[in-house]
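So you can see what is in the structure, the chains are spelled out below.
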Amino acid sequence: CEVVLTLYAFKILYPESVYLNRGNHEATDMTEDHGFKQECLDKYPDGDVYEMFSRSFAYLPFATILNGHVFVTHGGVPGWWDKDEDQYPVKPLRFNVLQSLKEIEDIDRFQYEGNPNETPAEGLLWSDPKELCCPWADGFQEEGYPPEVW
């Protein structure tokens, strides 16, 4: 909880220098599965603080343009994916589902409490280009390193 509060405080203090994007772990199902909800409830048992955090995450943008030139998003550029349950990792079928930044702005961020499935928002939150750029990173991921570092 304190880390998120610190990040929000820095965003308030330095709004032109601190940029926060929504990632897949800001979805309610992920906060429940990975301990954030429990941490909040352990510290603030009435649940109000957790609910405020959950609502605040929906206000975070899916993407940011830095200095008018650099596109930043948690997951990557969305594409359509072949999601055969017996196949991992998934294979991209077509990239560039989104054709403009306006399309990202038009996504209703507040409609997604959990993780959106098979939508451009899902791609912005979950696309992991590691397989295409860094196949050597697979061993590190298996050892517990998050794919975001690669």
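Below: a short report on this structure. Here the structure is a predicted model, which means the values were calculated and not measured.

Moving on, we get to the overall build of the chain. Counting its regular elements, the chain contains eight helices and four strands. Taken from N to C terminus, the helices and strands of the chain fall in the order α-α-α-α-β-β-β-β-α-α-α-α. Taking all 150 residues of the chain together, 31% fall into the buried category. Considering only residue pairs separated by 6 or more positions, the chain has 57% of its internal contacts joining residues 24 or more positions apart.

Turning next to the environment of Val 72. When you line up the elements, Val 72 lands in strand E2 (residues 70-73). Placed 52 residues apart in sequence, Val 72 and Leu 124 show a C-alpha to C-alpha distance of 9.6 Å. With sequence-adjacent residues up to four places away left out, Val 72 is seen in contact with Asn 21, Phe 62, Ala 63, Thr 64 and Leu 66.

Time to look at the nonpolar core. The biggest cluster of nonpolar side chains holds ten residues, and these are Cys 1, Val 4, Val 18, Leu 20, Phe 36, Cys 40, Tyr 50, Phe 53, Phe 57 and Leu 60. Elements supplying a minimum of two residues to this core: helix H3 (36-43) and helix H4 (48-59). At three residues, H4 tops the list of elements feeding residues into this core. Apart from residues lying up to four places away in sequence, Cys 40 is in contact with Cys 1, Pro 45, Tyr 50 and Phe 53. Formed by eight residues, the second largest nonpolar core is a distinct cluster that contains Ala 63, Leu 98, Ile 107 and Leu 125.

Another aspect to go through is the layout of surface pockets. Looking at the second largest pocket, its volume works out to about 420 Å³. Forming the boundary of the second largest pocket are 20 residues, of which Val 4, Leu 7, His 25, Glu 26 and Phe 57 lie nearest the centre. At the level of secondary structure, the elements contributing two or more residues to the lining of the second largest pocket comprise helix H1 (2-13), helix H2 (28-33) and H3. Top contributing element to the lining of the second largest pocket by residue count: H1, with five residues. Within the lining of the second largest pocket, the residues separate by chemical class into ten nonpolar, seven polar and three charged.

Calculation criteria
- Along every chain, residues carry numbers that run from 1 in the direction the sequence is written.
- Per-residue local features are limited, in this predicted model, to residues with pLDDT of at least 70; the limit for side-chain atom pairs, both in listing and counting, is 80 or more; totals at the level of whole chains, interfaces and linings are taken over all residues.
- Think of the side-chain values as coming from all heavy atoms in the structure, minus any hydrogens and water.
- In this description a helix means any DSSP run of H or I spanning at least four residues, a strand means any run of E spanning at least two, and both kinds are numbered starting from the N terminus.
- The cut-offs for exposure are 20% and 50% of the maximum accessible area for each residue type, with area from a 1.4 Å probe on protein chains only; residues under the lower value are buried, those over the upper are exposed, and the others partly exposed.
- Throughout, a residue-residue contact means that at least one pair of heavy atoms, one from each residue, lies within 4.5 Å.
- As used in this record, nonpolar core signifies buried Ala, Val, Leu, Ile, Met, Phe, Trp, Tyr and Cys residues forming a set joined through side-chain atoms within 4.5 Å.
- Using a 1 Å grid laid over the protein atoms alone, points where a 1.4 Å probe fits but cannot get out form a cavity; open sets with protein on both sides within 12 Å along at least 5 of 7 lines form a pocket; any residue with an atom within 4 Å of a point counts as lining.
- Grid points are joined across faces, edges and corners, and a volume is the space filled by probe spheres set on the points.
- Polar here means any residue outside two lists: the nonpolar Ala, Val, Leu, Ile, Met, Phe, Trp, Tyr, Cys and Pro, and the charged Asp, Glu, Lys and Arg; Gly therefore counts as polar.

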